Structures are given as C-alpha cells and as structure tokens.
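Structural features, examined
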Amino acid sequence: QVELVESGGGLVQTGGSLRLSCAPSGRTFSGYATGWFRQIPGKEREFVAVIRWSGGSGIYAESVKGRFTVSRDNSKNTVYLQMNNLKPEDTAIYYCAVKTQMASDYGLGGSYYYWGQGTQVTVSS
C-alpha cells in the first residue's frame, strides 16, 4: 500500500521552530512535485508550499513566506518543511501530498494524487 508519512509535528511556543518531514512508504515518487497543506478542523484546507522534484526554491503561500522553507533530499526520498517564527495562527494539521508535475494548479489540493495522514502542529501563545 502506497502512502506518504509525515513526521515532526508537535507543540511549540510562539516564535519557535519545527521541521516537518514527508517520506513515501511503498514506492518512490520520482519526478513528482511535493506540496504541503494545512487544515484547521472545520475550515478549508490551505496551501502552504510546494517544491519541484528537481528542488530549488519553493513556492509559498503569502502567510508563510519568509518564515517557512521547503526543501528536499532525493537521496533520502524525503521532503522537509522548516517552519520558523511560528505563530498561533499556524496551528493546524499539516499534510504533504504529491503531484505528477508542477503546474499553475499547485495550490489546489485536488491536483495532488497521494496524501499523508497529517501531523499536528500546535503553537501556543
């Protein structure tokens, strides 16, 4: 069974940092772009960041630009989301997902094929 596994979530104080990881189980998504989304229960899922298979600079939501950094290590088959200067409004369940290619629809969750189970990030004030 193919799945994505997120890890690294937890409880942190305002201004703190966390690094999330996303790795597939069951296969390698060679060539796929990987995105991060977040969702607060009862609210719509929100795009956070995306990175191409080739790496390089990611694309970010305005709300996290300058604070979050997405990166990948294809030798470890892992994508990371470094989150700095965390704010209470960053509290959410964070999901990673993969899509076959980077396109203008990178912000749409429906364009992604596989999703992880999510990891909780809680930022206390």
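Computed from a predicted model, the values in this text were never measured in an experiment.

**Observations concerning the pairing of strand β4 (residues 33-39)**
Counted residue by residue, β4 has six buried out of seven residues, so it is predominantly covered. Note that β4 and strand β9 (residues 92-99) share seven bridges and pair antiparallel. Note that in β9 the partner of G35 across the bridge is A97. Remark: six residues form the turn of the hairpin made by β4 and strand β5 (residues 46-52), two consecutive strands paired antiparallel; G42 in that turn has positive phi of roughly 90 degrees.

**With respect to the packing of aromatic side chains**
A complete count under the given rule lists eight aromatic pairs for this structure. Arranged with centres 5.2 Å apart and planes meeting at 55 degrees, the rings of F29 and Y32 form a pair that is tilted. An aromatic cluster is present here, built from F37, F47, Y95, Y106, Y112 and W115 joined pairwise through their rings. Taking the ring centre of F37 as reference, the NZ or CZ of R45 above it sits at 5.9 Å. The ring of Y112 is capped by K99, whose NZ or CZ atom sits 5.5 Å from the centre of that ring.

**Considering the nonpolar core**
W36, V48, F68, V70, L81, M83 and Y94 are the most contacted members of the largest nonpolar core, which has 32 residues in total. If you list the elements that add at least two residues to this core, you get β3 (18-25), β4, β5, β7 (68-73), β8 (78-83), β9 and β11 (119-124). Apart from residues no more than four positions distant in its own chain, V70 is found in contact with W36, A49, V50, I51, G58, Y60, V79, Y80 and L81.

**Details of the pattern of salt bridges**
Counted under the stated rule, the structure contains five salt bridges. Of the charged contacts, one joins E46 and R38 as a salt bridge, the two residues approaching to 2.8 Å between their closest N and O atoms. On the basis of relative accessibility, which here comes to 31%, the residue E46 falls in the partly exposed class. You can call R38 buried: its relative accessible area is 6%. Salt bridges sharing partners connect three or more residues here, namely R38, E46, R67 and D90.

**Some details on the sheet that holds β8**
Spatially, the four strands line up as an open sheet ordered β1-β3-β8-β7, and their pairing is antiparallel. Of all strands in the sheet, those bounded by a partner on one side alone are β1 (3-7) and β7. Averaged over all pairs of adjacent strands, the angle between their axes in this sheet comes to 20 degrees, without regard to strand direction. Of the strand pairs in this sheet, β7 and β8 are connected by six bridges, and their pairing is antiparallel. Note on β8: the bridge partner recorded for V70 is L81.

Cut-offs used in this document
Numbering of residues begins from 1 in every chain and follows the order in which that chain's sequence is written. For a predicted model such as this one, the threshold for reporting local features is a pLDDT of at least 70, and the threshold for listing and counting side-chain atom pairs is 80 or more; totals across whole chains, interfaces and linings nevertheless cover every residue. Calculated side-chain values reflect all of the structure's heavy atoms, with hydrogen atoms and water omitted. Relative accessibility thresholds used throughout: buried, under 20% of the residue-type maximum; exposed, over 50%; partly exposed, between the two (1.4 Å probe, protein chains only). Labels follow the DSSP assignment, with helices taken as runs of H or I lasting at least four residues and strands as runs of E lasting at least two, numbered in each case from the N terminus. Only strands joined by at least two bridges in the DSSP assignment are considered to pair. Put simply, two rings from Phe, Tyr or Trp (the six-membered ring, in Trp's case) pair if the centres are within 6.5 Å, and we call them stacked under 30 degrees between planes, edge-to-face over 60, tilted for the rest. Both a distance and an angle decide whether a charge sits over a ring: NZ of Lys or CZ of Arg must be within 6 Å of the ring centre and within 35 degrees of the ring normal. Residues grouped as a nonpolar core are buried Ala, Val, Leu, Ile, Met, Phe, Trp, Tyr and Cys residues, joined through side-chain atoms within 4.5 Å. Contacts: residue pairs with any heavy atoms within 4.5 Å of one another. In the sections that follow, a salt bridge refers to a side-chain nitrogen of Lys or Arg positioned within 4 Å of a carboxyl oxygen of Asp or Glu. Interaxial angle, 0 to 180 degrees, is taken between N-to-C directions of lines fitted to C-alpha atoms, where a helix line uses only the stretch in contact.

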